[in-house]
Amino acid sequence: MPSDTAPALSDTVYDRLAAWLRAEALPEGSRLPGENALAARFQVSRPVLRQALARLRAEGRLESRKGSGSYIRALAPPALPPIRFGPLGNIPDVRAFLEFRCGLESAMAAEAARRADPAALDRLAAARVALEAATRAGGPSIEADILFHQAVAEASGNRFYQAVMQALVEQTRFGIRLTRELAPMPDAERFATMRREHGRIAEAILRGAAEAARAAMQQHLQNGIRRLFGG
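Because the structure is a prediction, the values reported are computed rather than measured.

**Q** Is there a simple way to think about the overall build of the chain in this case?
**A** Check the secondary structure of the chain and you find 10 helices and two strands. Sequence-ordered secondary structure for the chain, helices as α and strands as β, is α-α-α-β-β-α-α-α-α-α-α-α. Across its three principal directions, the C-alpha atoms of the chain cover 55 × 40 × 35 Å. A sequence separation of at least 24 residues applies to 72% of the contacts in the chain between residues at least 6 apart. Accessible area for the chain stands at about 11100 Å²; split by element, carbon and sulfur atoms hold 55% of it.

**Q** Which parts of the structure should I look at to understand the pattern of salt bridges?
**A** Proximity of charged atoms lets side chains of opposite charge pair with each other. Counted according to the given criterion, the structure contains 15 salt bridges. For the salt bridge of Glu143 with Arg173, the shortest nitrogen-to-oxygen distance reads 2.7 Å. You can see Glu143 sitting in helix α6 (residues 142-155) and its partner Arg173 sitting in helix α8 (residues 169-182), a full 30 residues away along the chain. Its salt-bridge partner being Glu170, residue Arg173 comes within 2.3 Å of it at the nearest N-O pair. Of this pair, Arg173 and Glu170 both sit in helix α8, separated by three residues, roughly a single helical turn. Exposure remark for Glu170: the relative accessible area of 26% places this residue in the partly exposed category. Residues joined by salt bridges that share partners form a network here, namely Glu111, Arg114, Arg115, Glu211 and Arg214.

**Q** Would you explain the layout of surface pockets in this entry?
**A** Size it by volume and the second largest pocket reaches roughly 680 Å³. Residue assignment for the lining of the second largest pocket shows that the elements contributing at least two residues are α2 (35-42), α3 (46-58), β1 (62-65), β2 (69-72), α5 (118-137) and α6. At seven residues, α6 tops the list of elements feeding residues into the lining of the second largest pocket.

**Q** What's the story with empty space enclosed by the protein in this structure? I'm lost.
**A** Unoccupied space between atoms shows up once a probe the size of one water molecule is rolled over them. Summed over the entire model, instances satisfying the criterion amount to three cavities of 30 Å³ or more. Lining the largest cavity are 15 residues, with Ile176, Thr179, His220, Gly224 and Arg227 sitting closest to its centre. At the level of secondary structure, the elements contributing two or more residues to the lining of the largest cavity comprise α4 (91-115), α6, α8, α9 (187-206) and α10 (210-229). In this model, the second largest cavity occupies a volume close to 70 Å³. Mapped by element, the contributors of at least two residues to the lining of the second largest cavity are α3, α6 and α7 (159-167). Residues that form the lining of the second largest cavity fall into these classes: four nonpolar, three polar and two charged.

**Q** I tried to follow α7 on my own but got confused; where do I start?
**A** Residue pairs spaced three or four apart in an α-helix point in one direction, given the helix's 3.6 residues per turn. For α7, the full list of buried residues reads Tyr161, Gln162, Ala163, Val164, Met165 and Gln166. Residues of α7 that are buried make contact with α1 (9-24), α3, α4, α6 and α8.

**Q** Teacher, can you tell me more about the packing of aromatic side chains here?
**A** What characterises a pair of aromatic rings is the spacing of the ring centres plus the angle enclosed by the ring planes. Per the counting criterion, the structure on display carries one aromatic pair. On the numbers, 6.4 Å between centres and 85 degrees between planes, the contact of Trp20 with Phe42 is edge-to-face. Note that Trp20 is positioned in helix α1 and Phe42 in helix α2, a separation of 22 residues in sequence. What makes Phe42 buried here is its relative accessible area of 5%. Above the plane of the ring of Tyr14 lies Arg55, whose end atom (NZ or CZ) is 3.6 Å from the centre. Over the face of the ring belonging to Phe229 we find Arg95, whose NZ or CZ atom lies 4.9 Å from the ring centre.

Parameters at a glance
Residues numbered from 1 in each chain as written. Predicted model: local features only at pLDDT ≥ 70, side-chain atom pairs only at ≥ 80, totals over all residues. Heavy atoms only, no water. Helix = DSSP H or I, 4+ residues; strand = E, 2+ residues; numbered from the N terminus. Contact = heavy atoms within 4.5 Å. Areas by Shrake-Rupley, 256 points an atom, 1.4 Å probe, with all protein chains shown as cover. Salt bridge = Lys/Arg side-chain N within 4 Å of Asp/Glu carboxyl O. Buried < 20%, exposed > 50% of the residue type's maximum accessible area, 1.4 Å probe, protein only. 1 Å grid on protein atoms, 1.4 Å probe; cavity = no way out; pocket = protein on both sides within 12 Å on 5 of 7 lines; lining within 4 Å. Points joined across faces, edges and corners; volume = space filled by probe spheres on them. Nonpolar A, V, L, I, M, F, W, Y, C, P; charged D, E, K, R; others polar. Phe/Tyr/Trp six-rings, centres within 6.5 Å; stacked < 30°, edge-to-face > 60°. Lys NZ or Arg CZ within 6 Å of the ring centre and 35° of its normal.

Below is the structure:
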């Protein structure tokens, strides 16, 4: 099974952004430039930049404030060491990975419903809108899908969920691509199903319904396993 050993663009941007922050030596509480300015500085799209920023938030190095932007986090905890899961090398690996996500993200969604603050809920709602727009347009929507699940992790308020989700980006990207290539469901039907499933997750989290969020995420990921492996 093929694997991609080249670093993802978001990883490269993360490294450059982290190096820039070290060089600038910004004090705690400093506000970063806006997303448009940072995307222009690093010559990447805003979705790619957001993945790098999400990783810095997961490490406790940045915080987001509603309507204001990203700030150097005061009293940030020590950065978590990188987690290396390695590429998915075979079909049993893929299935084990999807089953792992099912348990992890179901609990994560429930925590998001219990603990999310208004700013995190706003980002989750925006991620849902972006994913729906990407699927309706019929073009690639893998990055929008990843950003939606990362927004759920961020809404959980638990940096360990955020760190694991960030560490699994490449495996997640590969799993989504494989499911889309091999699942027999027509694209239009699959995208409509995705919109419904992600919509149920977002709606449960937004209304603070922890068990409904858990069930919606579990059903979404189990459906992905069934779409790929049958049964």
